[in-house]
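Secondary and tertiary structure notes
Next come the chains, spelled out residue by residue.
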Amino acid sequence: MKQRSQTADTAHRAAELKLEMVLRRIASGDQAALAELYRLTSARLNGVIWRFVLNRAMAEEVLQDVYVNVWRKASTFDAGHGSPTTWLMSIARNRAIDRLRAEKVRVQPSEDIADIELAHAGASALDAMVEGETTEALLRCLDRLGPDQQRAIRAAFFRGSTYSELADAENVPLSTMKSRIRRALMQLRKCIEYHDGE
Amino acid sequence: MMANELEAMGATDRETLAAEIALGLVSAQEAAAATARDPELAAEIARWQGRFNSLVADAPPITPNPRTLPGILDLIEAETAVTTPPINAPATGLFEKLAFWRGLSAVGFAAAAAAIAWAVLITPEAIDPGRQQQAAGGAPVVERVILVNSILPRDGPPVYVVTFDQQAARLLVVPAATQASRSGVPYLWLVPEGDGEPVGLGVVNPSQTSRLDLSPDVLRRMTIRSSLVVTLEPSEVVNQSAAGPVLAHGKFIQL
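Everything numeric here is computed off the predicted structure, so don't read it as measured data.

1. Brief notes about unusual backbone geometry
- Positioned with a positive phi, Asn-171 of chain A is a non-glycine residue whose angle comes to about 60 degrees.
- Structurally, Asn-171 of chain A is set in the loop between α8 (163–170) and α9 (174–196).

2. Some remarks on the interface of chain B and chain A
- Taken together, the contact between chain B and chain A spans 56 residues of the former and 69 residues of the latter.
- Across the chain B/chain A interface, buried area totals approximately 5500 Å², and carbon plus sulfur atoms make up 58% of it.
- Summed over the shared surface of chain B and chain A, the number is four salt bridges.
- A salt bridge links Glu-20 of chain B to Arg-182 of chain A; its shortest N-O distance comes to 2.8 Å.
- Across the contact surface, chain B and chain A share 13 residue pairs in polar contact (both at pLDDT 80 or more).
- Of all the secondary structure elements, the ones that give two or more residues to the side of chain B that touches chain A are α2 (14–23), α4 (41–52), α5 (68–83) and β3 (170–175) of chain B.
- Ranked by the residues each element gives to the side of chain B that touches chain A, the list is headed by α5 of chain B, at 10 residues.
- Grouping the constituent residues of the side of chain B that touches chain A by class yields 28 nonpolar, 16 polar and 12 charged.

3. Quick word on empty space enclosed by the protein
- One pass over the full model with this rule turns up two cavities of 30 Å³ or more.
- In this structure, the largest cavity spans a volume of roughly 70 Å³.
- Taken together, Asn-46, Trp-50, Arg-56, Ala-59 and Glu-60 of chain A together with Thr-63, Pro-64, Asn-65 and Thr-68 of chain B make up the lining of the largest cavity.
- Those elements giving two or more residues to the lining of the largest cavity turn out to be α2 (31–52) and α3 (56–73) of chain A.

4. Observations regarding the side chain of Thr-68 of chain B
- Mapping Thr-68 of chain B onto the fold places it in helix α5.
- The class for Thr-68 of chain B is buried, based on a relative accessible area of 2%.
- Those residues in contact with Thr-68 of chain B that sit more than four places away from it in its chain are Tyr-38, Glu-60, Leu-63 and Gln-64 of chain A.

About the criteria used
Every chain begins its residue count from 1, and numbering advances along the sequence as written. Here chains are named by letter from A upward and ligands by number from 1 upward, in the order in which they appear as written. Totals for whole chains, interfaces and linings use all residues, but because this is a predicted model, local features are given only for residues with pLDDT of at least 70 and pairs of side-chain atoms are given and counted only at 80 or more. Side-chain numbers here rest on the full set of heavy atoms in the structure, without hydrogens or water. The secondary structure listing takes helices from DSSP runs of H or I that are at least 4 residues long and strands from runs of E that are at least 2 residues long, numbered from the N terminus. Contacts are assigned to residue pairs with any non-hydrogen atoms lying within 4.5 Å of each other. Here's the idea: put two parts together, see how much 1.4 Å probe accessible area each one loses, and the total over both is what we call buried area. When a carboxyl oxygen of Asp or Glu is within 4 Å of a side-chain nitrogen of Lys or Arg, the pair counts as a salt bridge. As used in this structure description, the phrase polar contact means that two N or O atoms lie within 3.5 Å; if the pair is within protein, one of them must be able to donate a hydrogen and the other to accept it, and residues adjacent in sequence are counted only when both atoms belong to side chains. Residues are grouped as follows: nonpolar covers Ala, Val, Leu, Ile, Met, Phe, Trp, Tyr, Cys and Pro; charged covers Asp, Glu, Lys and Arg; every other residue, Gly included, is treated as polar. Points on a 1 Å grid, built from protein atoms alone, make a cavity when a 1.4 Å probe fits but cannot get out and make a pocket when they are open with protein on both sides within 12 Å along at least 5 of 7 lines; residues with an atom within 4 Å of a point are the lining residues. Grid points are joined across faces, edges and corners, and a volume is the space filled by probe spheres set on the points. Here the term buried applies to any residue with accessible area under 20% of the maximum for its type, exposed to any over 50%, and partly exposed to those in between, with areas from a 1.4 Å probe on protein chains only.

Shape is all these values report; function is a separate question.
In structure tokens form, the structure reads like this:
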């Protein structure tokens, strides 16, 4: 954020504005606009989807679902409630998780979490498509949480795990898991606000 | 999370609730109730979603399969075609009711179960010039013709739109309406023309696109006079024999 140049921020905002305009055209039923959105975002979203699913065929199906959903839901996009990128990535995450759960893809919790951490270990270049401001702060602040808190948040994010699934996986009472995660979320918020100077 | 737990969460501030919703830890119903009570919460949720998306910020772009975009355009065109009936469409009351298609709001399953619409792809003539250029450029193309058909009992809204991709030997089954949850598994069957027994094609997901690969034998029997039926089966293992009630059915029609 503070390290990001003003040029990068301006480019980022311009890109978001463009996506917003394309989404408006899609909402009015413009198929060419959907194709344009696809050209602008599909490689990025596909890369994101690959973080959730584990094979090519599944990723392809999820990507298709994402854009069909965008077509259906474009009119519900509200720029006042977040950026187009956040909206698109949330759809991608939700569709990927739905697909995983439909397939009943279940790995052992330990392997599951190892996969997640392995995936994260490759983190390096921050993607301009994601809000640069929050990226660095979130990752830095997440690292400051306890290992069990980090695990729980990553499992919820990557696998769509519910409180009770997380409690089962960690073999702790539901109430323990709830307070563990809520404490973690509050710590995260405080830390992010400090970093962002919010 | 139960409603009373949410209430008991008085101590949990709304930002933490927004974060829980963004992570999907709170059920969809509870999330909807929370945003109904506090419409400004949506912006907070989006903010947290943006933050959590940082977890995949380093995902490298991966160019998708070139087939994917044509497939998407086929699916949305099939939906659009259902809203704007072709001139020679049968003059049933169905088409007036299809405007709901774009809304895709929750439709009671009983009403939704009444009919099914198909998009059938058979004739290459229907490929538009843009697609033909793509084909000439070597990218695989899904042939398609848009067709609509409904049956049962009268003009209920469609439940699924089925696209027959002959080239890839598969069906794409797109749910047309949100369906109420119910016990059982929707299963698609091909009813061949003549006296043939229904052939099980596979489970169809009521909330997202299903892709069903077709064997050469099924492909041979999938003729313009065959039909498709969705039944509600007690489990995914159907043993090639339909046991459940018919939820929807429709015939292939070539325009």
